[in-house]
Amino acid sequence: DFADRIDAIRGDFPILEQRIGGRPLIYLDNGATTQMPDAVLDALAAHYRTDNANVHRGIHTLSERSTAAFERARRTVQRFVNAAESDEIVFTGGTTDAINMAARAWEERVGPGSTIAVTALEHHANLVPWQQLCKRTGARFEVIPLTPQGDIDLEALETVLRSQKVSLVAVAHVSNVLGSVNPVREIAAMAHERGTCVLVDAAQSVRHEIVNVQDADCDFLCFSGHKMLGPAGIGVLYGKRELLAELSPVRFGGEMVDKVSFAETTFEKPPLRFEAGTPNYPGAIALAAAIGYIESAGRDKIASYEHELTAYAERALGSIDGLHVLGDPARRAGCLSFTVDDVHPFDLATFMDKQGVALRSGNQCAQPLLHEVYGVQNVTRLSPAFYNTHVEIDSCVELLGRTVALLRAAR
Ligand code: PMP
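Remember, predicted model here, so these are calculated numbers, not experimental data. (Residues numbered from 1 in each chain as written. Predicted model: local features only at pLDDT ≥ 70, side-chain atom pairs only at ≥ 80, totals over all residues. Heavy atoms only, no water.)

### Points about helix H14 (residues 390–409)
In this model, H14 (20 residues) spans 29 Å end to end at C-alpha, consistent with the 28 Å of a helix rising 1.5 Å per residue. When H14 is considered as a whole, its buried residues turn out to be Glu392, Ile393, Cys396, Val397, Leu399, Leu400, Thr403, Val404 and Leu407. (Helix = DSSP H or I, 4+ residues; strand = E, 2+ residues; numbered from the N terminus. Expected span 1.5 Å × (residues − 1). Buried < 20%, exposed > 50% of the residue type's maximum accessible area, 1.4 Å probe, protein only.)

Structure representation (structure tokens):
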């Protein structure tokens, strides 16, 4: 069972073995970034030590090794998200980079009279690029509201799809604030019925939900390596083959071209067409190692353990008077965001840090959701990973309870 292996698993993550403020570190900010196991750090170092060279350029041995490892990583990612072909995997700098690329490429497809729809729970990364695209092109920017429970209002989405010419719906698989799993497959089916494309922001879900692009039938899917045990600076834009083939490149330079003259340039086929310049091949190779780690730990086991740990944390937080968790508990997967009456999230996170507990406080890069939907300025977020334990959750909640009491008394 997964819980029985937790000590061995924790042993794979050297960063967890340290004290902060004289206490053992309790790292519960995995929604922002996860930690890297030795297997990933070693893969990165090994590549730099023995195989490093630029990819796709040289015919010397190191370049061939480096290119082979990079393209192997692409196939590993393909398998991981169950894409039909490895050409559908474009390496990017992260989720934000991937969404910006998609939004730039989408510019040819929208204008006055067409609509881009996002949901009210999106991270800034899946909102601002589309909002700005609409400002540039004159397309309409439509926000799909949430139900009173905090779920995406599918009836409202249906109305928008029926009454407007919606070119694309951009939706998070798992909300980075509410932790809720959104019905992306159902949303894709609704959209496709009207000829609308769907982009799924899987930044918060790749680690602990099984992401399957063919099953979800999404047109694009984006995620970041650093939220799934990989390094920062690598991410993925998955796009359906026929869609990528139709889109023009958005960045220009080496590697993405076919023939270049002073007068004209022709471009490579996808995915290279979208990967101008030297890609982050060490990042891609390390991401493949992260996928290897996740798969050997067991994706479904990770998912169920993390769901259980999150539910456990939510129940435990119930003991703190005046603490309110945002969103629909029935859909919760990845994280918990909460407010505490009479306590500022920054004070709370600062005092918790002094006691070794890493929590996130702030607007969680979702200002419209917090300010305009929930009417709060900031929240505190607790986001467990599979290397966290029930004992850590207990300690965190106990320390939170004491800290809240202390901060209230000091008011
Ligand atoms: N979307 C969601 C749902 C996220 O949680 C995040 C990261 N917090 C992003 C997008 C952006 O990811 P990155 O910063 O790696 O580009």
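### Remarks on helix H5 (residues 128–137)
Those residues of H5 lying buried are Pro129, Trp130, Leu133, Cys134 and Thr137. Looking straight down H5, one finds that the buried residues subtend no more than 140° of arc, so they occupy a single side. Packed against the buried residues of H5 are helix H4 (95–105), strand S5 (115–119), strand S6 (140–144), strand S7 (166–172) and strand S8 (197–201). Backbone geometry just after H5 places Gly138 at a positive phi near 85°. (Arc of directions from axis to C-beta. Contact = heavy atoms within 4.5 Å.)

### Concerning the site of the ligand
The ligand sits among Thr95, Thr96, His123, Ala125, Asn176, Asp201, Ala203, Gln204, Ser224, His226 and Lys227. Contacts to the ligand include His226, whose side-chain N or O atom sits 2.7 Å from an oxygen atom. Look at the ligand: alone it shows 400 Å² of surface, and the protein chains cover 86% of it. (Near = heavy atom within 4 Å. Polar contact = N/O pair within 3.5 Å; in protein donor to acceptor, adjacent residues only side chain to side chain. Areas by Shrake-Rupley, 256 points an atom, 1.4 Å probe, with all protein chains shown as cover.)

### A few points about the UniProt feature "domain: Aminotransferase class V" (unreviewed entry) in the protein
With numbering aligned to this structure, UniProt lists the feature "domain: Aminotransferase class V" (unreviewed entry) at residues 26–394. Strand forms 17% of residues 26–394 and helix 39%; the C-alpha atoms that close the span are 11 Å apart. (UniProt positions renumbered as here; feature names shortened; annotations may be inferred.)

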